[in-house]
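Observations on the three-dimensional arrangement
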Amino acid sequence: MSFPSLFKIMSSTPGMPSFPKRANSKGRTSRLLKGVPVLSRRPERIPHFLTSAPVYSNSDSMDYFSLTAACRETGDRFTGRKIRGAAQVSAEEVILSFGREGEILLSAAPARPGLFLLPEKISREPFPSPFNEIFSSRIRGAALVSLSMPDAGERIVFLHFQPGWPGRAGEEIILALEVMGRRSNMALVEKGRILAPLRPVPAEKSPRRPFLPGLTWKLPPPRPGKPPEQIMVQDLPELHGRSRPELIEALAREIKGLSPFTANQILLRASDGEATSILQILREALDAADGSRGWLYASGGKTWLCPFQPLIPEGERGEVQPFQPFSAASWAWLQTDTVPEAGGNERDGQLLADLEQEESRLEKTLSFLVTEEERCATHDELRTKGQA
């Protein structure tokens, strides 16, 4: 679907916010909006090594910056509101209804998981499942107290609820959304334990982090790098003398939650390539993710969601569309179709199967090592006590 037709559909949808009209330019972001933050201004000079063919991917998932924007907008709009309806509507999606004030869609679908504010009320039949039985009964009538991201740099969102019936005052139940591509999941968590998982994961499939009722909810294993909020100049990799793909990979590796697309956008703005400039742009990107605006960037049959105004590299045929607020952009992004690469399905399917097999082997090895470490520690304690 082209951007003009998509924009026309979204603009005519009842209840949708009014979007700024498209500028009369050929996709050049520098003219789309006036008065945008410093972050969105195009540098006068973009180094040649940053203007070659795009190498970024991940157009089918919210990155940390987009999820932050979605959380901030959702919190500003619905914190303190009472849940009028709560239902699982598919194997991978749930909807929270606040009556006339709006609805929230939470998706754990492998393609485009995330947190979305619906432009209008959507009528769907409840999806029968053990999760929905508990979810609908425990969340309906509760108040949304707050939203949080418990692990900086990771795409995990907590929706904190307080029961609305007598005798449960002061208690809290959490809906945990994990935006992790094909491993995306959800769970109701009470007193630190999983009350109901959307997709149960037994220990046979994930020895290190099984996802079952009654187990303690734990953060996923930590990834390398630091979250954007904690990055300092000395944490950034050496940038000079590297190719563009190497620069993008280095930034995405050192900064948690940074997608290749966002890494490329940061490099485009830091025209001098200095670490101090990159750090400043990174801070501005976080500030821009306040939920007030959003953009879609289309190129090569893919569409990226962005909470700040993206730039178009020299030589790239890209198109930018602005939206207000961010939820309008995320909803439009959710409606766009993904375009798989020719012959990619079979190749990616085999690669995925190989990776899952290798991951299962590594999980079992790691579980064995952890067990051995605990056994050795217990043995040492007993020996020390015996010698004493």
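Here, the structure is the one placed above.
These lines cover the structure that appears in this document, whether it is placed above or below.

What follows covers the overall build of the protein chain. Looking only at helices and strands, one finds eight helices and twelve strands in the protein chain. Counting over 388 residues, the protein chain shows a buried share of 48%. When contacts within the protein chain are restricted to residue pairs at least 6 apart in sequence, long-range pairs at least 24 apart make up 62% of them. When the accessible surface of the protein chain is totalled, it reaches about 19,600 Å², and 52% of it is carbon and sulfur.

A few words now on helix α5 (residues 260-269). Across the ten residues of α5, ten count as buried, placing the element largely inside the fold. When we look at burial in α5, the residues that qualify are P260, F261, T262, A263, N264, Q265, I266, L267, L268 and R269. In this structure, the buried side of α5 is in contact with α2 (64-78), α4 (244-254), α6 (275-288), β10 (294-299) and β11 (302-306).

Let us now look at the pairing of strand β2 (residues 93-97). Most of β2 sits inside the fold, with five of its five residues counted as buried. Every second residue of β2 is oriented toward a common face, with E93, I95 and S97 on one face and V94 and L96 on the other, all of them buried. Sheet topology note: the strand β1 (residues 85-88)/β2 ladder contains four bridges and is antiparallel. Note that in β2 the partner of A86 across the bridge is L96. Between β1 and β2, which pair antiparallel one after the other, the connecting turn spans four residues. Pairing of β2 with strand β3 (residues 103-107) involves five bridges; the strand directions are antiparallel. Across the sheet, the residue bridging to V94 is L106, located in β3.

Following Q324, the chain continues to P325 via a peptide bond in cis, the omega torsion being -5°. Phi at R112 is positive, roughly 60°, even though this residue is not glycine. Residue R112 is classed as buried on the basis of its relative accessible area, which comes to 4%. Located in the positive-phi region is K191, a residue other than glycine, with phi close to 55°.

Our next topic: the side chain of E316. In this structure, E316 sits in the loop between β11 and β12 (319-323). Here E316 occupies a buried position and makes no salt bridge, while the nearest side chain of opposite charge, R244, is found at 4.5 Å. A distance of 3.3 Å separates polar atoms of two side chains, one belonging to E316 and the other to S299.

If you want to describe how two helices pack, look at the angle between their axes and the distance between the axes. Contact pair α2 / α6: the axes reach a minimum separation of 9 Å and the direction vectors enclose 35°. Between α2 and α6, the contacting residues are Y64, F65 and R72 on the first element and L282, A285, L286 and D287 on the second. Class assignment of the residues belonging to the contact of α2 with α6 gives a composition of five nonpolar, no polar and two charged.

So, on to the sheet that holds β3. The strand order β1-β2-β3-β4 describes an open sheet built from four strands, whose pairing is antiparallel. Across the chains shown, the open sheet's two edge strands, defined by having one partner strand only, are β1 and β4 (114-117). Averaged over all adjacent pairs, the angle separating strand axes in this sheet is 15°, with direction ignored. Inspection of the sheet shows β3 paired to β4 by four bridges, in the antiparallel sense. Within the sheet, the bridge partner assigned to S107 lies in β4 and is G114. Contacts from α2 reach β3 and β4 within the one sheet, and its direction differs from that of β4 by about 40°. Along the sheet face, helix α7 (residues 326-335) touches β3 and β4 and points at about 115° away from the line of β4.

Attention shifts here to the environment of I255. Within the secondary structure, I255 is located in the loop between α4 and α5. Residue I255 is classed as buried on the basis of its relative accessible area, which comes to 1%. I255 sits 18 residues away from P237 along the chain, and the two C-alpha atoms are 10.0 Å apart. Excluding residues that lie within four positions of it along the chain, I255 makes contacts with K226, P228, I231, L236 and L282.

Below, the discussion takes up the packing of aromatic side chains. Geometry of an aromatic ring pair is reported as the spacing of the ring centres plus the angle between the planes. This structure, assessed with the given rule, holds eight aromatic pairs. Between the aromatic rings of F261 and Y297, the centroid separation amounts to 5.6 Å while the plane-to-plane angle is 40°, which identifies the pairing as tilted. Note that F261 is positioned in helix α5 and Y297 in strand β10, a separation of 36 residues in sequence. On the accessibility criterion, F261 (2% relative accessible area) is buried. By relative accessible area, Y297 is classed as buried at 0%. Through a chain of ring-to-ring contacts, three or more aromatic side chains come together here, namely F261, Y297 and W304. Over the ring of W217 we find R209; its NZ or CZ atom is 5.4 Å from the centre of that ring.

Further remarks concern the nonpolar core. Counting residues in hydrophobic clusters, the biggest one holds 48 residues, and the most contacted among them are L96, L106, F161 and L175. Ranked by residue count, the leading element in this core is α7, at six residues. Ignoring any residue separated from it by four or fewer positions in sequence, one finds L96 in contact with I83, G85, A86, G102, E103, I104, L106, F135, I139, L159 and F161. Membership of the second largest hydrophobic core comes to 29 residues, among which are L239, I248, L251 and A270.

Cut-offs applied
Residues numbered from 1 in each chain as written. Predicted model: local features only at pLDDT ≥ 70, side-chain atom pairs only at ≥ 80, totals over all residues. Heavy atoms only, no water. Helix = DSSP H or I, 4+ residues; strand = E, 2+ residues; numbered from the N terminus. Buried < 20%, exposed > 50% of the residue type's maximum accessible area, 1.4 Å probe, protein only. Contact = heavy atoms within 4.5 Å. Areas by Shrake-Rupley, 256 points an atom, 1.4 Å probe, with all protein chains shown as cover. Pairing = 2+ DSSP bridges. Lys, Arg positive; Asp, Glu negative; His and termini not counted. Salt bridge = Lys/Arg side-chain N within 4 Å of Asp/Glu carboxyl O. Polar contact = N/O pair within 3.5 Å; in protein donor to acceptor, adjacent residues only side chain to side chain. Axes fitted to C-alpha atoms, helices over the stretch in contact; angles between N-to-C directions. Nonpolar A, V, L, I, M, F, W, Y, C, P; charged D, E, K, R; others polar. Phe/Tyr/Trp six-rings, centres within 6.5 Å; stacked < 30°, edge-to-face > 60°. Lys NZ or Arg CZ within 6 Å of the ring centre and 35° of its normal. Core = buried A, V, L, I, M, F, W, Y, C linked by side-chain atoms within 4.5 Å.

Scope: geometric values only; no functional claims are made or implied.
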